[in-house]
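# Geometric and topological summary
The residues making up each chain are set out below.
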Amino acid sequence: MSSCDYEDCSEKAENISRLSPEGYLVSTGNKAYSFREAYKRFHYCETHHELLMNNVWNRVRKTDDKDDDHVAPTAI
């Protein structure tokens, strides 16, 4: 089993996500025919996965700062 991709965490990863530790989708840079192929995979322990999801949904629900060029998780 992989370890958590969150900075300075060595716990065993229990969740796989397409969201980076910063909460964004990161392209693989390869020609992709599906969502699975288009974005990198990250591994998270239960604690950091919950923290990541809370941070992402809080950011998505805010009405300000929508001018960045990152794709929202709800856009896919």
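See the structure printed just above.
What this report covers is the structure whose coordinates are included nearby. One numbering rule holds for all chains: residues counted from 1, following each sequence as written. Reporting of local features is limited, given that this is a predicted model, to residues whose pLDDT is at least 70; pairs of side-chain atoms are given and counted only at 80 or more, and all residues count toward the totals for whole chains, interfaces and linings. As a rule here, side-chain values cover all heavy atoms of the structure and leave hydrogens and water aside.

This brings us to helix H2 (residues 46-61). In DSSP terms, a helix is any run of H or I states spanning at least four residues, a strand is any run of E spanning at least two, and both are numbered starting from the N terminus. Here the expected span of a helix is defined as 1.5 Å times the quantity of residues minus one. Here H2 spans 23 Å end to end across 16 residues, near enough to the 22 Å set by a 1.5 Å rise per residue. Turning to H2, its buried residues are His48, His49, Leu52 and Val56. All buried residues of H2 project into a common sector of 100° when viewed along the axis, lining one side. Set apart from the buried face of H2 by more than 90 degrees, the exposed residues are Thr47, Glu50 and Arg61. The contact criterion used is simple: two residues touch if any of their non-hydrogen atoms lie within 4.5 Å. Buried residues belonging to H2 abut strand E1 (15-17) and strand E2 (42-44). Any residue under 20% of the maximum accessible area for its type is buried, any over 50% is exposed, and the rest in between are partly exposed; the area is computed with a 1.4 Å probe on protein chains only. To obtain the arc, one takes the directions from the helix axis to the C-beta atoms.

For the rest of this paragraph, the subject is the packing of aromatic side chains. Two aromatic rings from Phe, Tyr or Trp, using only the six-membered ring of Trp, form a pair when their centres are within 6.5 Å; if the ring planes differ by under 30 degrees the pair is stacked, by over 60 it is edge-to-face, and anything between is tilted. Counted according to the given criterion, the structure contains one aromatic pair. A centroid spacing of 5.3 Å and a plane angle of 50° characterise the contact between Phe35 and Tyr39, whose relative ring orientation is tilted. Exposure remark for Tyr39: the relative accessible area of 16% places this residue in the buried category.

Note on placement: Asn15 falls in strand E1. A residue is classified by how much of its surface remains accessible, and Asn15, at 18% relative accessible area, is buried. A polar side-chain atom of Asn15 sits 3.3 Å from a polar atom in the side chain of Glu46. In this structure, Asn15 is in contact with Phe42, His43, Tyr44, Cys45, Glu46 and His49, ignoring residues within four places of it in sequence. The term polar contact refers here to a pair of N or O atoms within 3.5 Å; inside protein, the definition further demands a hydrogen-donor-capable atom paired with an acceptor-capable atom, and it admits residues adjacent in sequence only when both atoms are side-chain atoms.

Attention now moves to the nonpolar core. Cys4, Tyr6, Cys9, Leu19, Leu25, Ala38, Tyr39, Phe42, Tyr44, Cys45, Leu52 and Val56 together form the largest nonpolar core, which totals twelve residues. Of all the secondary-structure elements, those providing two or more residues to this core are E2 and H2. What we call a nonpolar core is a set of buried Ala, Val, Leu, Ile, Met, Phe, Trp, Tyr and Cys residues that are connected through their side-chain atoms within 4.5 Å.

Further remarks concern the side chain of Ser20. Along the polypeptide, Ser20 turns up in the loop between E1 and helix H1 (35-38). Sequence-distant contacts of Ser20, that is, excluding residues within four places in its chain, are made with Val26, Phe42, Tyr44 and Leu52.

Attention shifts here to unusual backbone geometry. Of note in the backbone geometry, Asp8 takes a positive phi value of approximately 60° without being a glycine. When you line up the elements, Asp8 lands in the segment before E1.

With that settled, the discussion passes to a negative patch on the surface. Residues qualify for a patch when their relative accessible area is over 30% and they have no salt bridge, like charges being joined within 9 Å and the nonpolar side chains of Val, Leu, Ile, Met, Phe, Trp and Tyr within 5 Å. Using the Shrake-Rupley algorithm and a 1.4 Å probe, accessible areas are obtained, with residue cover drawn only from the displayed protein chains. Salt bridges are defined as contacts in which a side-chain nitrogen from Lys or Arg sits within 4 Å of a carboxyl oxygen from Asp or Glu. A positive count includes Lys and Arg, and a negative count includes Asp and Glu. His and the chain ends are not counted in either. Charged groups are reduced to one reference atom each: NZ for lysine, CZ for arginine, CG for aspartic acid, CD for glutamic acid. Taken together, the side chains of Glu11, Glu14, Glu46 and Glu50 present a region of like negative charge at the surface. Mapped onto the elements, Glu14 comes out in the segment before E1. Note on Glu14: relative accessible area 56%, which makes it exposed.

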